[in-house]
Structures are given as structure tokens and as C-alpha cells.
Amino acid sequence: MRKKPLNYVKLAFPSRSANESLARSAAAAFVSQLDPTLEELSDVRTAVSEAVTNAVVHAYPEKIGTVEMILRLFEGGVIEVVVRDKGCGIEDVPKALEPTYTTGGADRSGMGFTIMESFMGSLSVRSKPGKGTTVRMRKVINRVR
Amino acid sequence: MRIAFHTAGTSCEIALIGELDHHAAKAALSEIHARLDQTLPSSIALDMRQVTFMDSSGIALILALYKRARALDGELRLRSLSPPVKRLLTAAGMDKLLDLSA
Ligand SMILES: Nc1ncnc2c1ncn2[C@@H]1O[C@H](COP(=O)(O)OP(=O)(O)O)[C@@H](O)[C@H]1O
Ligand SMILES: [Mg+2]
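In this text the structure is predicted, and so the values were computed from the model without any measurement.

**Student:** I'd like a description of the overall build of chain B, backed by residues and values.
**Tutor:** Within chain B one finds three helices and four strands. In sequence order, the secondary structure elements of chain B are arranged as β-β-α-β-α-β-α. For 102 residues, the compact-globule estimate of 2.2 N^0.38 gives 13 Å, and chain B sits close to it at 12 Å. Taken along its principal axes, the extent of the C-alpha atoms in chain B is 30 × 25 × 20 Å. Looking at chain B as a whole, 49% of its 102 residues are labelled buried.

Next up, the structure:
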């Protein structure tokens, strides 16, 4: 059984690269209600940028599709970010999660998932070839400091 | 993203200004390659002081310039890394390739 979020925002936008910065700003604005440190804010921005960029670049390589981003706030300062696409999906998720693995050529570094995991603390990826990909990240903000 | 070039002899300093994400990186890299093709510097310095945001697309850009410099027996140096950029590069293991202390 999952707890109900205290607050949430759902966004849907076309997979255009100009929307990468919009997604970052929306996530930063949502997280700001927890009075995060600059470092926490920057971590969330970066992780969101990675997840949304993947949907733009990899999920819909030849067309514009819809990217969904859901931001949730749970008790205890837990922020959850879900980025979902209905694109091409990932054949081998464990392989895709490996550092430097990329199907994107020299334009990409293959470090996206590594950075999401290290900046958010928790990352899960569910994907079905031909159906799409859901990336879920969680981070605790506002630990006693 | 805006880019400012300063060439002196065989070295070129490139200042990146703005957000270095996937949206910006492709155009930025082709502008940089086009300029370096004209001046063919052996040493490249990337001034990151005015980079307001960077993700792994920026790492790919830095790697491309690193390879380009190395192919010509030159070197790439990074300058004025902000704390977030430094943390990103460290998380990606770039400290094994480049000096991140400047
Ligand atoms: N939303 C997605 N849809 C399809 N494939 C994806 C998606 N996200 C990631 N991938 C696959 O996982 C690989 C690794 O992703 P990542 O770690 O972000 O590195 P990069 O984006 O630099 O390739 C990608 O190259 C791609 O093959
Ligand atoms: Mg990526």
C-alpha cells in the first residue's frame, strides 16, 4: 500500500529539446516548497534534465512524442520524480544503467543514469520495447541540518 | 548558450556562457569545432565560469574537445568550475581524465 502524496504536479509536453529547461525549472519550483539547500536543488535539476533528455533523445528518435513528468511530495521531505514516455523502450535495462553505455554515439556520454542515481539516491527504470519507459527517482530533502 | 573565443598563438580559450544541456550542446560543439578548424590551436582552455547549468550533455562536449586536443598532441584544460559542475564531473569519473581543481 502506498501513502498518498501531500502535494503533486503532473506535466505533459512534447519531446522537444527546448522543453528540457522547462522541466528543470518546474521541478526546481516544486522542490522549493521544502526549502532545499542549493546543492539539493541543483541535484534535482540535473537528474530531471537527464531523465527528460533521455525521453527527447532516445525514446522518440525520429519523431515528437509526449513526455510526462509527475512530481510528488511525501511526508518526511521525500520528493518523487517520475518521467514517462511511450517511445521505443529499452531492450536491456541493466545494460543501459551501466556507466558509459550509450546508443547515442559521440553526442552522448552514457553517464545519464549514473548521474540520476548518484544525485537522487534512488532510481528505478521500467521499460518495455515498443511500449515506453518509466523512470522513477526519489530523494529526501530537508533532513535535519 | 553563447560562446566567446580568445585565440593567442597556439592556444585558444573558449568561454561558455549560459546553460549547457542537450538543447544547447549540439550547436555549441559545432560552433567550437568550426572555430578550432580555422585556428588549429594545440592547447585549449575551457572557461566554465559563466556556465549556469550543466548535465551529461556537457560531459560529452568536454570529452569531444579532450579527444580533439589529444589527437593533435595538445591538451585541454578546464577553468573556473563551479561547485555543481565539479560535482557533476566527479560523479561521472572525469577527475581521472582531467584536472578539476582549477
Ligand atoms: N527513455 C528512454 N527510451 C529509450 N531508451 C533509453 C531511454 N533512456 C535511456 N535509454 C537508453 O539507455 C542508454 C543510457 O542512457 P544514459 O545513461 O542517459 O546515457 P546517454 O543518454 O548519454 O546515452 C541510452 O543510450 C539509451 O540507449
Ligand atoms: Mg542520457
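**Student:** Give me the lowdown on the sheet that holds strand β1 (residues 2-8) of chain B, citing residues and values where you can.
**Tutor:** Residue and element names in this part refer to chain B. Spatially, four strands are ordered β1-β2-β3-β4 in an open sheet, and the strand pairing comes out mixed. Since the sheet does not close on itself, it has two edges, and those belong to β1 and β4 (75-79), each with one partner. With strand direction ignored, the average angle separating the axes of adjacent strands in the sheet is 20°. Two strands pair when backbone bridges link them, and β1 and strand β2 (residues 11-20) are joined in this way by seven bridges, in the antiparallel orientation. Counted as the bridge partner of Ala4 is Ala15 from β2. With respect to the sheet, helix α2 (residues 56-71) is in contact with β2, β3 (43-54) and β4, its orientation differing from that of β3 by roughly 175°. Strands in contact with helix α3 (residues 83-91) are β3 and β4; relative to β3, the strand with the most contacts, it is inclined by about 110°.

**Student:** Provide a residue-level description of the site of ligand 1, including the pertinent values.
**Tutor:** Residue and element names in this part refer to chain A. The local shell around ligand 1 holds 18 residues, among which Asn54, His58, Thr102, Thr103 and Gly110 are the closest. Note that an oxygen atom of ligand 1 is positioned 2.9 Å from one of the side-chain N or O atoms of Asn54. For ligand 1, an oxygen atom lies 3.2 Å from a polar atom in the backbone of Gly112. Look at ligand 1: alone it shows 540 Å² of surface, and the protein chains cover 97% of it. Listed by contribution, the elements that provide at least two residues to the shell around ligand 1 are α2 (38-59) and α4 (112-120). When residues in the shell around ligand 1 are grouped by element, the largest group, three residues, is from α2.

**Student:** Describe the environment of Val93(A), listing the residues and the values that go with them.
**Tutor:** All names here are of chain A. Secondary-structure assignment places Val93 in helix α3 (residues 93-97). Remark: the alpha-carbon pair of Val93 and Glu40, spanning 53 residues in sequence, is separated by 27 Å. Ignoring sequence-local partners within four residues, the contact set of Val93 consists of Val125 and Ser127.

**Student:** Could you give me a rundown of the packing of helix α1 (residues 19-31) of chain A against α2(A), with the residues and numbers involved?
**Tutor:** Residue and element names in this part refer to chain A. With their axes 8 Å apart at the nearest point, α1 and α2 run at an angle of 145° to one another. As α1 runs across α2, the sense of the crossing is right-handed. Together, Glu20, Ala23, Arg24, Ala27, Ala28 and Val31 of α1 and Leu41, Val44, Arg45, Val48, Ser49, Val52, Thr53 and Val56 of α2 make up the contact between the two elements. Residue classes in the contact of α1 with α2 are distributed as nine nonpolar, two polar and three charged.

**Student:** Which residues make up the nonpolar core, and what values go with them?
**Tutor:** Buried together is how nonpolar side chains tend to be arranged in soluble globular proteins. Counting 36 residues, the largest nonpolar core has Ile14(B), Leu16(B), Leu46(B), Met54(B), Ile62(B), Leu76(B) and Leu89(B) as its most contacted members. Mapped onto this core, the elements with two or more residues apiece are α4 of chain A together with β1, β2, α1 (22-39), β3, α2, β4 and α3 of chain B. Residues in contact with Met54(B), not counting those within four places in the same chain, are Thr46(A), Leu20(B), Met48(B), Ile59(B), Ile62(B), Val85(B), Leu88(B) and Leu89(B). Grouped together as the second largest cluster of nonpolar side chains are 35 residues, Ala23(A), Val52(A), Val93(A) and Phe113(A) included.

**Student:** Talk me through the sheet that holds strand β2 (residues 66-74) of chain A; I want residue IDs and the actual numbers.
**Tutor:** All names here are of chain A. The strand order across the open sheet built from five strands is β1-β2-β3-β5-β4, with neighbouring strands paired in antiparallel fashion. Looking at which strands have only one partner, the edges of the open sheet turn out to be β1 (7-14) and β4 (122-128). Direction aside, the axes of adjacent strands within the sheet are offset by 10° on average. Relative to strand β5 (residues 132-140), strand β3 (residues 78-85) runs antiparallel, the two being bridged by eight bridges. Residue pairing in the sheet places Asp85 in a bridge with Thr133 of β5. Of the strands in this sheet, β1, β2 and β3 are in contact with α1, which crosses β2 at around 10°.

Cut-offs used in this document
- Residues numbered from 1 in each chain as written.
- Chains lettered and ligands numbered in written order.
- Predicted model: local features only at pLDDT ≥ 70, side-chain atom pairs only at ≥ 80, totals over all residues.
- Heavy atoms only, no water.
- Helix = DSSP H or I, 4+ residues; strand = E, 2+ residues; numbered from the N terminus.
- Rg over C-alpha atoms; globule rule 2.2 N^0.38 Å.
- Buried < 20%, exposed > 50% of the residue type's maximum accessible area, 1.4 Å probe, protein only.
- Pairing = 2+ DSSP bridges.
- Axes fitted to C-alpha atoms, helices over the stretch in contact; angles between N-to-C directions.
- Contact = heavy atoms within 4.5 Å.
- Near = heavy atom within 4 Å.
- Polar contact = N/O pair within 3.5 Å; in protein donor to acceptor, adjacent residues only side chain to side chain.
- Areas by Shrake-Rupley, 256 points an atom, 1.4 Å probe, with all protein chains shown as cover.
- Left-handed = near helix turned anticlockwise from the far one by under 90°.
- Nonpolar A, V, L, I, M, F, W, Y, C, P; charged D, E, K, R; others polar.
- Core = buried A, V, L, I, M, F, W, Y, C linked by side-chain atoms within 4.5 Å.

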